[in-house]
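# Structural features, examined
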Number of protein chains: 2
Amino acid sequence: MLRSFSQMEQHILKGEGKKRVALAGAHDLDALSSLVDARRKGIVEAILIGREEKILELLNQLDEDPNGYQIIPQSEDALCARTACQLVRDGQADIPMKGMIQTAAFMRAILDKSNGFVPERGLLSQATLLELPEEERMMIISDCAVNIAPEYPDKVKILQNAVFLAHRLGIGCPKAAVVAPVEVINPVMQSTIDAAMLSKANERGQIQGCIVDGPLGLDNAVSIQAAKHKGISSPVAGVADILLMPDLCAGNIFTKSLTYFAKLPTAGALLGASIPVIMTSRTDSPEDKYHSILTAVILSQASC
Amino acid sequence: MLRSFSQMEQHILKGEGKKRVALAGAHDLDALSSLVDARRKGIVEAILIGREEKILELLNQLDEDPNGYQIIPQSEDALCARTACQLVRDGQADIPMKGMIQTAAFMRAILDKSNGFVPERGLLSQATLLELPEEERMMIISDCAVNIAPEYPDKVKILQNAVFLAHRLGIGCPKAAVVAPVEVINPVMQSTIDAAMLSKANERGQIQGCIVDGPLGLDNAVSIQAAKHKGISSPVAGVADILLMPDLCAGNIFTKSLTYFAKLPTAGALLGASIPVIMTSRTDSPEDKYHSILTAVILSQASC
C-alpha cells in the first residue's frame, strides 16, 4: 500500500518504465515547469504540444535541453487538446495534460466519443488525494471540483471512481465515509438520506470493493475519539480512506481548507475516464502540481 | 480590536465585572468542569441548576468548594432550561448555558416568546470564531450548525448576526467574503447567485456595517496570493473577517476541518438573540469550550 506521495514516487521509479505525458498548450511556464520537474525526477517522458517558439523560449528559461522532448507545433487550443488525446488513443502517449488552453476545449477532447475515454454510463469526477503525515496514510476526498449537486445515482459513480483510485494505491478494501453535517438521519437533510442509501446499497452488494458507512460528521469520519464521544459504532469512523462529500460547495471548501489552513500535501485527480488526466490549477503549489502528476502516473499503471 | 482568545480573556478580566452564567442541567461533568474552569480564571460567576446531589458530588470531584456557587435544585430538563432563562430575563444572570439537558428543551426556553430573547424578525444562527495565530487576528465563519439550507433572506440575517459579533470584537467595519466553490457567477450554482445579491445589496446600503464581496473561492477569500493568481480585485479577498458559508454542509465540514486537520483554536457562538447563549459540544476540546465561554462573555458586554 502506498502511504505517502514519496512512496508513490519510489513506486513509480522502480516500476513499469516512464509514462509519456502529452501536454496540450505547452507554451505556459506554469504547466511546463511542473512537467519539466517531473521529467527531471525521472517520473515521465514529455511530449509538448503548442506554440513551438514560445515552448523553446520557456525551456531555455528553465535551463532545459529541448532535445529531451518531442515538440509538436500547434497554435490552436482545440487542436492542441485533440492532438494530445489522439496520441493517447493511438498508444503514443499515456496521459493527456492541460496546459495553456481553455478548460472547455480540453474537456471536449477528453469527452469526444470517438476517443472512447469515458464509458457510456460513466461519470467524470474529481478527487483530492490527501497525505496525512501523522497517520502515515492517504485519504481520498471527492468530489471537490466537477459535480455541483450530485444526486444519488451520481454519488454512486463518484464513490466508485474514488474506490478505483484507492485500489490503485493498494488499499484492497477501502473504507468510505459518507460525510454529512450530522451522523443521524434527518429527512430534511438530503445528505443524510443519500448516506443511508449508499450504506445500505453497499451492504446489499450493489456497491462493491469497499465498506461504506454514513451519515458521519467529518469529526466522526476522521477521529475515533470523536466517534466514541458520540457513541457511534462504525467500521469506518476514524479510519476512513475515502470521504464522500455531500456536494461541491462542501467538497470544494473542505479541500481548500486542507491546503490553506491545515497546509497538508494534496493532489488532484480526474477520475471516471479509462485514462488518467492531469489538470493542475494555477493556484496549486509546485509540490501539489508534482503530486498530481505522480497520482496520474499511478493511475496509469497496473494496480500495485 | 481583540485579535486572539487570550486578548479576549485579558479584556474581560479588566472589564465590566464578572458575568453570571446560569448552567441548565449542571449535573454533567463535561459542562460543569468547563464552567468551573472559567470561574477559576475569574471570568464568570456561576449559577448551577440541576440535580443538587449530583452537582455537589461533581464539584467535590473537581476539588471545588460548593460555597462559591449558587445552586438551584431542579430535576426536570424543561424546568432547568426555563429557570436559566428566567434568571437572565429577571436580571439575576447574564448568560444561559446548556448542560445535560435535551437540546430541544434548551432551545424551546431560549425561543420562548415570553422571554423576548429573539426579535420578531430575527434568526438564530451559529458562528464559529477562529483564531489565526500566524496572522494575529480572528475570523468568523457562519453558519456551521443551525441553518440547513438558508435562502437569500436568511443569509442576510446570518451575515448581520456575524457582523454583530465582529463589532463586539472591535472590528469596526468587518470585511465579509461570501464563499462559493468558484469566484465567477454560475447560474446553476445558487451560492454564486446569493453572493452576487449580497454584494450588491451591501453596495446599495441594504446591508450595513460591513463590506461584502462574493462569490469568492475559499482560497481567494483567505489568501491574497491566490486572489492575485486568479486576477481578482476585491476589497475582501485575502483579508476577510467573516466567511459566509453557502450552506450547512459546507460550513459544518469546513469548521470541523479547522479543528481536526488544521488544529486551530475555535469557539462556537449562538447569535441572533438579544442575549448570548453558551452551547458547547461534548466533542469540543476543553480549550475550545473555554473559548466559547469567553466569546459569550464578550457578546454580553458593551462593544469594545
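Per-chain numbering applies: the sequence of each chain, read as written, is numbered from 1 onward. As they are written, the chains are lettered A onward and the ligands numbered 1 onward, keeping that order. Only residues with pLDDT of at least 70 are given local features in this predicted model, and only at 80 or more are side-chain atom pairs given and counted; all residues enter the totals for whole chains, interfaces and linings. No hydrogens and no water enter the side-chain calculation; it runs on all heavy atoms of the structure.

## Describing the nonpolar core
Side-chain atoms within 4.5 Å link the members of a nonpolar core, which is a set of buried Ala, Val, Leu, Ile, Met, Phe, Trp, Tyr and Cys residues. For the exposure calls, accessible area comes from a 1.4 Å probe over protein chains only, and a residue counts as buried if that area is under 20% of its type's maximum, exposed if over 50%, partly exposed in between. One finds Met8(B), Leu35(B), Leu48(B), Ile140(B), Leu159(B) and Leu169(B) to be the most contacted residues of the largest nonpolar core, which totals 59 residues. Formed by 58 residues, the second largest nonpolar core is a distinct cluster that contains Leu35(A), Val36(A), Ala162(A) and Cys210(A).

## Here's the deal with the pairing of strand E5 (residues 125–132) of chain A
Residue and element names in this part refer to chain A. Every helix listed is a DSSP run of H or I at least four residues long, and every strand listed is a run of E at least two residues long, numbered separately from the N terminus. For E5, the tally of buried residues reaches eight of eight residues, placing the bulk of the element in the interior. Taking every second residue as pointing to the same face, both faces of E5 are buried, with Ser125, Ala127, Leu129 and Glu131 on one and Gln126, Thr128, Leu130 and Leu132 on the other. Any two strands with at least two DSSP bridges between them are considered paired. Sheet topology note: the E5/strand E10 (residues 266–271) ladder contains six bridges and is antiparallel. What sits directly across from Leu129, in E10, is Ala267. In the sheet, E5 pairs with strand E6 (residues 137–142) via six bridges, with the strands oriented antiparallel. The partner of Leu129 across the bridge, within E6, is Ile140. Linking E5 to E6, which pair antiparallel, is a turn of four residues; within it Glu136 sits at a positive phi near 50°.

## Here's the deal with helix H10 (residues 248–260) of chain A
Residues and elements named next belong to chain A. Compared with an ideal rise of 1.5 Å per residue, which puts 13 residues at 18 Å, H10 spans 18 Å between its outermost C-alpha atoms and is within 8% of the ideal. Here H10 lies mainly inside the structure; 12 of its 13 residues are buried. Listed in full, the buried residues belonging to H10 are Leu248, Cys249, Ala250, Gly251, Asn252, Ile253, Phe254, Thr255, Lys256, Ser257, Leu258 and Tyr260. Whenever two N or O atoms come within 3.5 Å, that pair is a polar contact, provided that in protein one can donate a hydrogen and the other can accept it, and provided that, for residues adjacent in sequence, both atoms are side-chain atoms. At the N-terminal boundary of H10, the capping side chain belongs to Asp247, with an oxygen 3.3 Å from the backbone nitrogen of Cys249. Here the expected length of a helix is defined as 1.5 Å per residue gap, with one fewer gap than residues.

## A look at the sheet that holds strand E5 (residues 125–132) of chain B
Residue and element names in this part refer to chain B. Ordered by their spatial adjacency, six strands build an open sheet running E8-E7-E9-E6-E5-E10, and the pairing between neighbours is mixed. The open sheet has two edge strands, strand E8 (211–216) and strand E10 (266–271), and neither has a second partner. Each adjacent strand pair in this sheet contributes to an overall mean axis angle of 25°, direction not counted. Across three bridges, strand E7 (residues 175–179) lies against strand E9 (residues 242–244) in parallel orientation. Looking across to E9, one finds that Ala177 is bridged to Leu243. In what follows, a contact means two residues having at least one pair of non-hydrogen atoms within 4.5 Å. A fitted line through C-alpha atoms represents every axis, and for helices the fit uses only the stretch in contact; the resulting angles, taken between N-to-C directions, go from 0 to 180 degrees. Sheet contacts for helix H7 (residues 190–203): E7, E8 and E9; angle to E8, the most-contacted strand, approximately 160°.

## Remarks on the relation of the copies chain B and chain A
The two copies are related by a screw operation: chain B maps onto chain A through 180° of rotation and 0.0 Å of translation along the axis, at an RMSD of 0.0 Å. The relationship between the two copies is best expressed as a two-fold rotation axis. Of the interface residues in chain B, 100% have counterparts in chain A that sit at the interface too, so the contact is made through matching surfaces. Superposing the copies works by least squares over the C-alpha atoms of residues that have pLDDT at least 70 in both of them.

## Brief notes about helix H2 (residues 29–40) of chain A
Residue and element names in this part refer to chain A. With 12 residues, H2 should reach 16 Å at 1.5 Å per residue; the first-to-last C-alpha distance of 16 Å fits that figure. Residues of H2 that are buried sit in contact with strand E1 (19–24), strand E2 (44–50), helix H3 (52–61), strand E4 (95–98) and helix H11 (286–300). Backbone geometry just after H2 places Gly42 at a positive phi near 80°.

## Topic: the pattern of salt bridges
Residue and element names in this part refer to chain B. Salt bridges are counted wherever a side-chain nitrogen of Lys or Arg sits within 4 Å of a carboxyl oxygen of Asp or Glu. Applying the stated criterion to the full structure yields 32 salt bridges over all chains. Salt-bridge contacts for Asp94 lead to Arg20; the nearest nitrogen and oxygen are separated by 3.1 Å. Pair noted here: Asp94 is in the loop between helix H4 (77–89) and strand E4 (95–98) and Arg20 is in strand E1 (residues 19–24), with a separation of 74 residues, a long-range link.

## With respect to the confidence of the model for chain A
Taken residue by residue, chain A gives an average pLDDT of 95. The fraction at 70 or more is 99%. Interface predicted TM-score (ipTM) for the complex: 0.85; the corresponding pTM is 0.90. Residue-level confidence of the predictor, termed pLDDT, takes values from 0 up to 100.

## Topic: the side chain of Asp219(A)
Here Asp219(A) is to be found in helix H8 (residues 218–222). Within the structure, the side chain of Asp219(A) is placed 3.4 Å from the side chain of Lys256(B), a separation counted as a polar contact. Apart from residues no more than four positions distant in its own chain, Asp219(A) is found in contact with Ala226(A), Lys230(A), Lys256(B), Tyr260(B) and Thr283(B).

## With respect to the interface of chain B and chain A
Contact residues are listed per partner, giving 39 residues for chain B and 39 residues for chain A. When chain B packs against chain A, the two sides together hide about 3000 Å² of surface, and 78% of this comes from carbon and sulfur. Buried area: the accessible surface (1.4 Å probe) lost by two parts on joining, summed over both. Considering only the side of chain B, the residues that lose the most area to chain A are Pro181(B), Ile253(B) and Phe261(B), jointly responsible for 23% of the buried surface there. Applying the counting rule to chain B against chain A returns two salt bridges. When the shortest N-O distance is used, the salt bridge between Asp219(A) and Lys256(B) registers 3.4 Å. Counting across the interface, chain B meets chain A through seven residue pairs in polar contact (both at pLDDT 80 or more).

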